[in-house]
Amino acid sequence: MTAELATSSPVRPSTTRRTLLRLLGCLLGATVLVLTSSLAVVWGTHRTAETVRTRSLPAVMELAAVRTALVRADTAAITSFQTRQAGLVGPGEEYQNQIAAASQSLAQAAEDIGSGDTSSRQIQVVEGLLVTYIGLMGRADAHYRQSGPSGLATAYAWYASRLLHSDGGILAQLDTLLAAETETLEARLSSGWLAPGTTLVWVLPALLLLYLLVRAQLFLRRRFRRAVNWGLVAATVLLVALAVGTSFALVSKEQLADAHAELSEVRRLSAEQAAGANHEGITALDGLLAGFCSRADGCEVSSDVFRGPGARSPAAPPSPAVSARPMADRDVLRRAEEVDDQAALATGATSGAFVVLLLASPIALFVWWGLRPRIEEYRYRSR
């Protein structure tokens, strides 16, 4: 009777096997979580870095370049009229070159700008105002060639320059666009996948998996009297490599911050160049208006009235000498190249992280390889 009961009693499943299966399930689940979170962080950082490199940074630099080029163009044209060289060369070669550069940069900025539909419409307004500005300068040139420094030539040059500098004019529109695009850039650099808390998205799962791997190693050592489980060791090494690869997202973030710092320097230098050129332009405008008023009784117009309230430029140092301007331009160009280089390094860092993630992805296979023999060993045991 006892023998029959013993024969009919179900064999209790092994507690060691259940422990191993639970441990395997936790390890595999944590592995999937680590791989998913790491891939999400690296991919999100890469996409943001690529957007910043190809759109946000170029848009800000292009808008700043447009502003500087237009101020220089206006200064060149007014100077040409004021010195009476317009009778031979019109607004001048410098004017033509700067207008061409401004038009090209503005067209490129229209493609790259990312601060919303409002900015897109505003850049269309700037394009329309620029066409009007060029038309007014063209009429000033035509009247100057026809009848010399007449009232009509001065008036058209006056209206053109006013369109550029006045409240709501081209430069004011560009300043608004620059502010909006800079705000968009800074938001991209401090939110989303580049936010400080994003690091925890992959660090916490990685620490959890590391804890489980160490705990599994200690359990196997205590239960089976074996010093090392090489499958779990290999999984741990791959986890460390994966963590290092994912940390490239932090490197990318730092390089984007460096690019932003270089961009601030580019904007500062561009603003200094524009201020210097604007100082020259105001001086030339005073001379042009003084020449016109000397021929017109009761003329009291000046550059201050011309600029209008709120549109007067702050006191600015004289622009660099002609011989020093190419050096200043090279400095701006060099720093702009550094911005591009830093942004390219940021995207390159996340591209390298993808390779590391791919190489580290077999963690689950090594976990299974390390635990499978022990699980199979207890398939038919009761303890």
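Preceding this section is the structure that the text describes.
Residues numbered from 1 in each chain as written. Predicted model: local features only at pLDDT ≥ 70, side-chain atom pairs only at ≥ 80, totals over all residues. Heavy atoms only, no water.

Asks: Could you give me a rundown of helix α5 (residues 117-147), with the residues and numbers involved?
Replies: Compared with an ideal rise of 1.5 Å per residue, which puts 31 residues at 45 Å, α5 spans 45 Å between its outermost C-alpha atoms and is within 8% of the ideal. Of all the positions in α5, only Ser119, Gln122, Ile123, Val126, Leu129, Leu130, Tyr133, Leu136, Met137, Ala140, Asp141 and Tyr144 are classed as buried. (Helix = DSSP H or I, 4+ residues; strand = E, 2+ residues; numbered from the N terminus. Expected span 1.5 Å × (residues − 1). Buried < 20%, exposed > 50% of the residue type's maximum accessible area, 1.4 Å probe, protein only.)

Asks: Outline the environment of Ile78, listing residues and values.
Replies: Position of Ile78 relative to the elements: it lies in helix α2 (residues 15-82). Look at Ile78 and you get buried, because its relative accessible area is 1%. Sequence separation between Ile78 and Gly287 is 209 residues; the distance between their C-alpha atoms is 9.3 Å. Not counting chain neighbours up to four residues away, the residues in contact with Ile78 comprise Met137, Ala157, Ser161, Gly281, Ala284, Leu285 and Leu288. (Contact = heavy atoms within 4.5 Å.)

Asks: If you had to explain the packing of helix α8 (residues 199-224) against helix α9 (residues 230-246) to someone new, which residues and values would you point to?
Replies: Where α8 meets α9, the closest approach of the two axes is 10 Å, and the angle between their N-to-C directions is 165°. By the criterion of interaxial angle, the relationship of α8 to α9 is roughly antiparallel. The chirality of how α8 crosses α9 is left-handed. Contacts from Trp202, Ala206, Leu209, Leu210, Leu213, Ala216, Gln217 and Leu220 of α8 reach α9 at Leu232, Val233, Ala235, Thr236, Leu239, Ala243 and Thr246. (Axes fitted to C-alpha atoms, helices over the stretch in contact; angles between N-to-C directions. Parallel < 35°, antiparallel > 145°, perpendicular 65-115°, else oblique. Left-handed = near helix turned anticlockwise from the far one by under 90°.)

Asks: Please give an account of the packing of aromatic side chains that cites residues and values.
Replies: Counted according to the given criterion, the structure contains three aromatic pairs. Each ring, one from Phe366 and one from Trp369, has its centre 6.1 Å from the other, and the planes form 75°; the classification is edge-to-face. A residue pair is termed a helical-turn pair when its members lie 3 or 4 positions apart in one helix, as Phe366 and Trp369 do in helix α13 (residues 363-377) at three residues. Residue class for Trp369 comes out partly exposed when judged on its relative accessible area of 47%. (Phe/Tyr/Trp six-rings, centres within 6.5 Å; stacked < 30°, edge-to-face > 60°.)

Asks: For the nonpolar core, give the residues involved together with the corresponding values.
Replies: In this structure, Leu70, Tyr133 and Leu174 are the most contacted members of the largest nonpolar core, which totals 58 residues. Elements supplying a minimum of two residues to this core: α2, α4 (93-112), α5, α6 (151-165), α7 (170-190), α10 (248-293) and α12 (325-360). Per-element tally for this core: the top contributor is α2, with 15 residues. With residues up to four places along the chain from it excluded, the contact list for Leu174 reads Leu63, Val66, Arg67, Leu70, Leu106 and Val126. Core analysis: the second largest hydrophobic core is formed by 26 residues, Leu27, Val42, Leu238 and Leu371 among them. (Core = buried A, V, L, I, M, F, W, Y, C linked by side-chain atoms within 4.5 Å.)

Asks: So what about the environment of Gln96? Which residues, and what values?
Replies: Tracing the backbone through its elements, the reader meets Gln96 in helix α4. Placed 20 residues apart in sequence, Gln96 and Ala76 show a C-alpha to C-alpha distance of 9.1 Å.

Asks: Any details on the environment of Leu345? Residues and values, ideally.
Replies: Within the secondary structure, Leu345 sits in helix α12. Along the backbone, Leu345 and Ala259 are 86 residues apart, and their C-alpha atoms lie at a distance of 9.7 Å.

Asks: Please set out a nonpolar patch on the surface residue by residue, giving values where relevant.
Replies: Where nonpolar side chains cluster on the molecular surface, the patch consists of Leu200, Leu204, Leu207, Leu210, Val214 and Leu218 and spans about 540 Å² of accessible area. Relative to the elements of secondary structure, Leu204 occurs in helix α8. (Patch = residues over 30% accessible without salt bridge, like charges linked within 9 Å, V, L, I, M, F, W, Y side chains within 5 Å. Areas by Shrake-Rupley, 256 points an atom, 1.4 Å probe, with all protein chains shown as cover. Salt bridge = Lys/Arg side-chain N within 4 Å of Asp/Glu carboxyl O.)

Asks: Account for the packing of α2 against α4, naming residues and giving values.
Replies: How two helices pack is summed up by the angle between their axes together with the distance between the axes. Where α2 contacts α4, the axes come no closer than 8 Å and their chain directions differ by 155°. Viewed along their axes, α2 and α4 adopt a mutual orientation that is roughly antiparallel. Our pair here, α2 against α4, has a crossing hand that is left-handed. For the contact of α2 with α4, the residue count by class is 15 nonpolar, four polar and six charged. (Nonpolar A, V, L, I, M, F, W, Y, C, P; charged D, E, K, R; others polar.)

Asks: An account of the pattern of salt bridges is requested, with residue identities and associated values reported.
Replies: Side chains that differ in sign of charge can pair as their charged atoms come close. Applying the stated rule across the entire model yields six salt bridges. A salt bridge links Glu262 to Arg335, with the shortest nitrogen-to-oxygen separation between them at 3.2 Å. Of this pair, Glu262 sits in helix α10 while Arg335 sits in helix α12, and the two are 73 residues apart along the sequence. Assigned by exposure class, Glu262 and Arg335 land together as buried. Between Glu272 and Arg268 there is a salt bridge, with its nearest N and O atoms 2.5 Å apart. Linking Glu272 with Arg268, this pair stays in helix α10, spanning four residues, or about one helical turn. We classify Arg268 as partly exposed; its relative accessible area is 37%.

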